[in-house]
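# Observations on the three-dimensional arrangement
Read off the chains here:
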Amino acid sequence: MALMFLRETVKTYRERDPAARSNLEVLLCYPGLHAVVLHRLASPFYKAGYVTLGRFISHIGRFLTGIEIHPGAKLGRRLVIDHGMGVVIGETAEIGNDVHIYHQVTLGGTSSTQGKRHPTIGNNVIIGAGAKILGPVHIGDGARIGANAVVIAEVPPDTTVVGIPARPVERGLRKSRFDAYGTPCDPSLDPLFHEIALLRCELTALEGRIRAQDNPRAEANPL
């Protein structure tokens, strides 16, 4: 089982990262893989009641990789943590299969009470660098979370969200297999871009009305 986990995870890293030249390089030089391996070691101890031991193994993983995964979190298969530095995954977070997470991502809680307080991430989700997903929200299968987005509400399946707070954007007709950083490259897809464009149109119309009102005065009072 452990060998199958390593084999399929290493294969996934090589498929998604053109910088990965060999299986050995991935095994030795990819902190995201190391963090997940140590989590798989820590989690059974934590869930069996050996809380301190589980947390200590998790702490070692954080020290070695810069990635903090609580041993109580549930991770799916073929999880890729790209670059990884600064990633935080909370205790009640749940992550599905084939998820891709970039550096500085936080799956955080917004409550200090016991119970479910961290996000649930569906399958085939991409979470861009610096994104924050907060609270017990659900991110649907195939969703894309743009870089530096702050998500505090549900995200439907196959939806791309960007901004603070995160808002959905149109993906267009073409649906790519993999979107780096979960962020659309076309700025015209950003809803903020459309809002600014509308404001510019309103400003232009307002300037036109002002000029129309000023011209009769100028004709009536020639210099």
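For the structure, see preceding data.
Each value, and the rule that gives it
Residues numbered from 1 in each chain as written. Predicted model: local features only at pLDDT ≥ 70, side-chain atom pairs only at ≥ 80, totals over all residues. Heavy atoms only, no water. Helix = DSSP H or I, 4+ residues; strand = E, 2+ residues; numbered from the N terminus. Buried < 20%, exposed > 50% of the residue type's maximum accessible area, 1.4 Å probe, protein only. Contact = heavy atoms within 4.5 Å. Core = buried A, V, L, I, M, F, W, Y, C linked by side-chain atoms within 4.5 Å. Pairing = 2+ DSSP bridges. Expected span 1.5 Å × (residues − 1). Arc of directions from axis to C-beta. Phe/Tyr/Trp six-rings, centres within 6.5 Å; stacked < 30°, edge-to-face > 60°.

When you line up the elements, serine 58 lands in helix α4 (residues 51-65). For serine 58, a relative accessible area of 13% puts it in the buried group. In contact with serine 58, not counting residues within four places along its chain, are Ala42, Ile69, His70 and Pro71.

The next subject is the nonpolar core. Core analysis: the largest hydrophobic core is formed by 37 residues, its most contacted members being Ile127, Ile139 and Ile145. Of all the elements in the fold, those that place two or more residues in this core are α1 (2-16), α3 (31-47) and β3 (80-81).

Right, let's talk about the sheet that holds strand β7 (residues 106-108) for a bit. Pairing is parallel in the open sheet, where five strands are placed in the order β1-β4-β7-β10-β13. At either margin of the open sheet sits one strand with a lone partner, and together these are β1 (68-69) and β13 (150-151). Where β7 lies against strand β10 (residues 132-134), three bridges are found, and the strand directions are parallel. When the sheet's bridge partners are listed, leucine 107 is paired in β10 with isoleucine 133.

Attention shifts here to the environment of threonine 9. Tracing the backbone shows threonine 9 in helix α1. According to the relative accessible area criterion, threonine 9 is buried, its value standing at 2%. Contacts of threonine 9, omitting those with residues within four sequence positions, involve Leu33, Arg78 and Leu79.

Because an α-helix completes one turn every 3.6 residues, residues spaced three or four positions apart along the sequence face the same direction. Relative to the 21 Å expected for 15 residues at 1.5 Å per residue, α4 spans 21 Å between its end C-alpha atoms, a close match to the ideal helical length. Among all positions in α4, only Gly54, Ile57, Ser58, Gly61 and Thr65 are buried. Buried residues in α4, looked at end-on, bunch into an arc of 100°, giving them a common side. Residues of α4 that are exposed and angled more than 90 degrees away from the buried face: Thr52 and Phe63.

Looking now at the packing of aromatic side chains. Applying the stated criterion to the full structure yields one aromatic pair. Judged by centre distance (5.5 Å) and plane angle (80°), the ring pair of tyrosine 13 and tyrosine 30 falls under edge-to-face. Of the two residues, tyrosine 13 sits in helix α1 while tyrosine 30 sits in the loop between α2 (23-29) and α3, which places them 17 residues apart along the sequence. Overall, tyrosine 30 belongs to the buried group, its relative accessible area being 11%.

Keep in mind these numbers describe shape, not what the thing actually does.
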